[in-house]
Amino acid sequence: MKPPFRADHVGSLLRPAGLTKASLKEKIRGVVARQEAIGLESITDGELSREWWHLDFMKQLDGVALAQNPGTKFGGTEEQPPIPNVTGKLCYSKPVMVDDFSFLKSVTRKTAKFTIPSPSMLHLRAGRAGISRQAYPDLEEFWDDAAQAYRAAIAAFAAAGCTYLQLDDVSFAYLCDPKIRDNCRKNGDDPAALPLKYSDTIRKAIQGRPAGMTITMHTCRGNFKSAWVAEGGYEPVAEQMFSSGVDGFFMEFDSARAGGFEPLRFVPKGKKVVLGLVSSKTGALEDKDFLKKQIEAASRYVAVENLCLSPQCGFSSTHHGNKLSEDEQWRKLERVVEVAREVWP
């Protein structure tokens, strides 16, 4: 089976005890072996070499700098992640994280999956206000450069042997929330126009990828120390998001914040949806029957053969990690595999 797999996961894992730069490769080997032992077909490096799920990649692109976030914040935590600002012409001029992928590929017998932030993440949080008007008086030039930079990045991963790449993109789920849309207006953007612009840019970014390369998208409502930013069902963005041209969609569905499955009626024929029904934010283990009933409910809108199962997000989108133990994390991934084997024998 091509990815995404029946039992899959978003990417990040809790940072193992004793993780240092010197021990990084050993720790990656350890989490790879554990994923394989559980029965997962897609294997990540747990994002162990990163501080942040998105910033470590984006700050290595020419023209990107990090700044404090003046807008909508995560609740329940004083610390807030920085946000990217575009301060000059955007360009992919050197390999970014390709060595990280190559090491992962060298230590797994399964499908090495790598995750990078979507091009939308260069814009969402700061918007027009965070993009240099000197570098980009016309914002269309920024979007063209973003797509070109990502085409170059995707080509570099493909040349290194990557066959499974995931674009992490919280923008679509965030734009389901009225307070995020209000913040977009403050930044100088029209929130009603953004989902289509983001989708168009992703479609241009993945043009030219090799035929054997699967590209998926993950969207959620924020994941920082078990906190979130946004809430609201997918209805306002579903049609635009599903037109982005990727092969599969990892979607948060682990709580009422995500709304119902009805927006799945817009999924194009043949595309896969990975239902994020298992929460990475808490240690409580989901009941197997409950998960099966949720999959059955989603199958009213997408044929069950085009559905898969995963946690709703990574377990450690930042180096801080979510509020659960490593044992609870692995048990949840085991539960994903158990249920997938019973639903799709």
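**Focus: the overall build of the chain**
When its secondary structure is counted, the chain shows ten helices and ten strands. Its C-alpha atoms give the chain a radius of gyration of 19 Å, within 12% of the compact-globule value 20 Å for 345 residues. Its C-alpha atoms give the chain principal-axis dimensions of about 55 × 45 × 45 Å. Burial statistics for the chain: of 345 residues in total, 58% are counted as buried. Nonlocal contacts in the chain, meaning residues at least 24 apart in sequence, comprise 80% of its contacts between residues at least 6 apart. As displayed, the chain has an accessible area near 13,300 Å², and 50% of this comes from carbon and sulfur atoms. Across the chain, the mean location of the 46 positive side-chain charges is 2 Å away from that of the 43 negative side-chain charges.

**Brief notes about the pattern of salt bridges**
All told, the structure shown has 17 salt bridges when counted by the stated rule. Put simply, Lys113 and Asp8 hold a salt bridge, and the shortest N to O gap is 3.6 Å. Of this pair, Lys113 sits in the loop between strand E4 (111-112) and strand E5 (114-117) while Asp8 is found in the segment before helix H1 (24-38), placing the two residues 105 residues apart along the sequence.

**Focus: the sheet that holds strand E8 (residues 248-252)**
Spatially, E5-E6-E7-E8-E9-E10 is the arrangement adopted by the six strands of the open sheet, whose pairing is parallel. With one partner strand each, in any of the chains shown, E5 and strand E10 (307-311) form the two edges of the open sheet. Going from strand to strand, the sheet's axes swing by 25° on average, the running direction of each strand aside. Judged from the five bridges that link them, E8 and strand E9 (residues 272-278) form a sheet pairing that is parallel. The residue of E9 that forms the bridge with Glu252 is Gly276. Across the sheet, helix H4 (residues 139-159) touches E5, strand E6 (164-168) and strand E7 (214-219), and the angle it forms with E5 is around 170°. Contacts from helix H10 (residues 326-343) reach E9 and E10, with the element oriented near 165° to E10.

**Remarks on the state of the cysteines**
Applying the stated criterion across every chain, the model contains zero disulfides. Not engaged in a disulfide, the cysteine Cys176 finds its nearest cysteine sulfur in Cys220; these two sulfurs lie 12 Å apart. No disulfide involves Cys184; its nearest neighbouring cysteine sulfur is the one of Cys176, lying 12 Å away.

**Structural notes on unusual backbone geometry**
Trans peptide bonds make up most of the peptide bonds, and negative phi angles are found at most residues other than glycine. At the junction of Pro3 and Pro4, the peptide bond is cis and its omega measures out at -5° in the coordinates. Tracing the chain through its elements places Pro4 in the segment before H1. Although it is not a glycine, Met97 adopts a positive phi angle of roughly 70°. Mapped onto the elements of the fold, Met97 is located in the loop between strand E3 (83-91) and helix H3 (98-106).

**Focus: the packing of aromatic side chains**
Scanning the model with the defined rule gives twelve aromatic pairs in all. Relative to Tyr150, the ring of Phe57 lies with its centre 5.8 Å away and its plane at 50°, an arrangement referred to as tilted. Here Tyr150 lies in helix H4 and Phe57 lies in helix H2 (residues 55-58), a separation of 93 residues in the sequence. Given a relative accessible area of 1%, Tyr150 falls into the buried group. Three or more aromatic residues joined by ring pairs form one cluster here, namely Tyr136, Phe142, Trp143, Phe172 and Tyr198. Just above the ring of Phe114 sits the side chain of Arg50; from NZ or CZ to the centre is 5.1 Å.

**Some words on the environment of Ala156**
Within the element layout of this structure, Ala156 appears in helix H4. The exposure class of Ala156 is partly exposed, given its relative accessible area of 22%. For the pair formed by Ala156 and Pro95, sequence separation is 61 residues and the distance between their alpha carbons is 7.0 Å. Beyond its immediate sequence surroundings of up to four residues, Ala156 is in contact with Tyr92 and Val98.

**A short note on H3**
Those residues of H3 that fall on the buried side of the exposure criterion are Val98, Phe101, Phe103 and Leu104. Lining the buried residues of H3 we find H1, strand E1 (42-43), E4, E5 and H4.

**Points about the packing of helix H9 (residues 288-298) against H10**
Running from N to C, H9 and H10 cross one another at 55°; their axes reach a closest spacing of 10 Å. Considering the angle they form, H9 stands oblique to H10. Considering how the two elements wind past one another, H9 and H10 form a crossing that is right-handed. Along its contact with H9, which presents Lys288, Leu291, Lys292 and Ile295, the element H10 presents Arg335, Glu338, Val339, Glu342 and Val343. Here the residues of the contact of H9 with H10 are counted per class, giving four nonpolar, no polar and five charged.

Definitions and cut-offs
Residues numbered from 1 in each chain as written. Predicted model: local features only at pLDDT ≥ 70, side-chain atom pairs only at ≥ 80, totals over all residues. Heavy atoms only, no water. Helix = DSSP H or I, 4+ residues; strand = E, 2+ residues; numbered from the N terminus. Rg over C-alpha atoms; globule rule 2.2 N^0.38 Å. Buried < 20%, exposed > 50% of the residue type's maximum accessible area, 1.4 Å probe, protein only. Contact = heavy atoms within 4.5 Å. Areas by Shrake-Rupley, 256 points an atom, 1.4 Å probe, with all protein chains shown as cover. Lys, Arg positive; Asp, Glu negative; His and termini not counted. Charge placed at Lys NZ, Arg CZ, Asp CG, Glu CD. Salt bridge = Lys/Arg side-chain N within 4 Å of Asp/Glu carboxyl O. Pairing = 2+ DSSP bridges. Axes fitted to C-alpha atoms, helices over the stretch in contact; angles between N-to-C directions. Disulfide = S-S within 2.5 Å. Phe/Tyr/Trp six-rings, centres within 6.5 Å; stacked < 30°, edge-to-face > 60°. Lys NZ or Arg CZ within 6 Å of the ring centre and 35° of its normal. Parallel < 35°, antiparallel > 145°, perpendicular 65-115°, else oblique. Left-handed = near helix turned anticlockwise from the far one by under 90°. Nonpolar A, V, L, I, M, F, W, Y, C, P; charged D, E, K, R; others polar.

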